[in-house]
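In case you want the letters, here they are:
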Amino acid sequence: MVAIRSTKLVHDGWLKLRVATLSGDDGVEFTREIEDHGPAVAVLPYDPERRVALMVRLPRAPVLLMGAACDFLEAPAGLRDDGEEPEDAARREAEEEVGVRLGALEEAGHAWSMCGVSTERMHLFLAPYAAEDRTGEGGGLAHEHENIAVVEAPLAELAALADRNALDDMKTLCLVQTLRVRRPELFG
């Protein structure tokens, strides 16, 4: 059985980078780098009457570093605050990023987003909303400099993007496909 023998903090900023020393049954030690920022949430707010979803577009430094275009649609998402319940974090992120107050949330699962390198475990939610649930323009918190553009995307368009392998964000792909399975009538 592999076990962590020690960890060393090598960077402490918005995220933490750690180097872990592990060993297996044979006693051989080896190291792994770990990106540590903790648990996160993502939510797909959708209006079942108008058959649209509230999405975001924002610059992503890792995508830009890889030389890729950073203009794809994403579901609102973010990190959970210490002690914050996943549902509360999803509601907070939706209000901050896309300006919608969410009521009922439907769990769509939870998964390790990159278990080979990150401590991030993401809770995923679907959330119906109506026009009167809009509270503002969204766009994120000014001090976070996220440069968020809010997009109201037709669900049929999101399905077409998924079918063309053009939904580039994994959490968004998972949420759109989950909504398609659970509520196929919204995509016709």
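Model, not experiment: these values are computed from the prediction. (Residues numbered from 1 in each chain as written. Predicted model: local features only at pLDDT ≥ 70, side-chain atom pairs only at ≥ 80, totals over all residues. Heavy atoms only, no water.)

1. Here we look at the overall build of the chain
Check the secondary structure of the chain and you find four helices and nine strands. What you see in the chain, going N to C, is helices and strands ordered as β-β-β-β-β-α-β-α-β-β-β-α-α. Counting only C-alpha atoms and orienting by the principal axes, one finds that the chain spans roughly 60 × 35 × 35 Å. The long-range share in the chain, meaning contacts at least 24 apart out of those at least 6 apart in sequence, stands at 56%. (Helix = DSSP H or I, 4+ residues; strand = E, 2+ residues; numbered from the N terminus. Contact = heavy atoms within 4.5 Å.)

2. Some remarks on the environment of arginine 57
On the secondary structure map, arginine 57 appears in strand E5 (residues 52–57). Sequence spacing of arginine 57 and asparagine 147 is 90 residues, and the spatial spacing of their C-alpha atoms is 8.3 Å. Filtering out sequence-adjacent residues up to four positions away, arginine 57 remains in contact with Asp71, Phe72, Leu73, Asn147, Ile148, Ala149 and Val151.

3. Some thoughts on the sheet that holds strand E1 (residues 3–12)
A sheet is described by the order of its strands in space; here three strands give the open sequence E1-E2-E3, paired in antiparallel fashion. Each of the sheet's edge strands pairs with one partner strand only, and the pair in question is E1 and strand E3 (29–36). Geometrically, the sheet is characterised by an average inter-axis angle of 25° between neighbouring strands, direction not taken into account. As paired strands, E1 and strand E2 (residues 16–23) are joined by eight bridges and run antiparallel to one another. Of the residues in E2, the one forming a bridge with isoleucine 4 is leucine 22. (Pairing = 2+ DSSP bridges. Axes fitted to C-alpha atoms, helices over the stretch in contact; angles between N-to-C directions.)

4. Overview of unusual backbone geometry
Of note in the backbone geometry, arginine 51 takes a positive phi value of approximately 60° without being a glycine. Tracing the sequence through the fold places arginine 51 in the loop between strand E4 (40–47) and E5. A positive phi is found at asparagine 147, a non-glycine position, where the angle reads about 55°. By the secondary structure assignment, asparagine 147 is in the loop between strand E8 (121–128) and strand E9 (149–154).

5. Details of the side chain of lysine 171
For lysine 171, the position within the fold is in helix H4 (residues 170–182). For lysine 171, a relative accessible area of 14% gives the class buried. In this structure the side chain of lysine 171 is engaged in a polar contact, spanning 2.9 Å, whose partner is the side chain of aspartate 169. For lysine 171, the contacting residues outside a window of four places in its chain are Ala42, Arg60, Glu74, Ala75, Ala77, Met122 and Leu124. (Buried < 20%, exposed > 50% of the residue type's maximum accessible area, 1.4 Å probe, protein only. Polar contact = N/O pair within 3.5 Å; in protein donor to acceptor, adjacent residues only side chain to side chain.)

6. Structural notes on the environment of threonine 7
If you trace the backbone, threonine 7 turns up in strand E1. By relative accessible area, which is 46% here, threonine 7 ends up partly exposed. A C-alpha to C-alpha distance of 29 Å links threonine 7 and arginine 60, two positions 53 residues apart in sequence. Excluding residues that lie within four positions of it along the chain, threonine 7 makes contacts with Val19 and Ala20.

7. As for the nonpolar core
Core analysis: the largest hydrophobic core is formed by 25 residues, its most contacted members being Leu44, Leu155, Leu158, Leu175 and Leu179. Put simply, the parts of the chain that give this core at least two residues each are E4, E5, E8, helix H3 (155–163) and H4. Ranked by the residues each element gives to this core, the list is headed by H3, at five residues. For leucine 44, the residues in contact, after removing those within four places along its chain, are Ala53, Met55, Phe125, Leu126, Ala127, Leu175, Val176 and Leu179. With 16 residues, the next largest nonpolar core counts Ala89, Val98, Leu102 and Ala127 among its residues. (Core = buried A, V, L, I, M, F, W, Y, C linked by side-chain atoms within 4.5 Å.)

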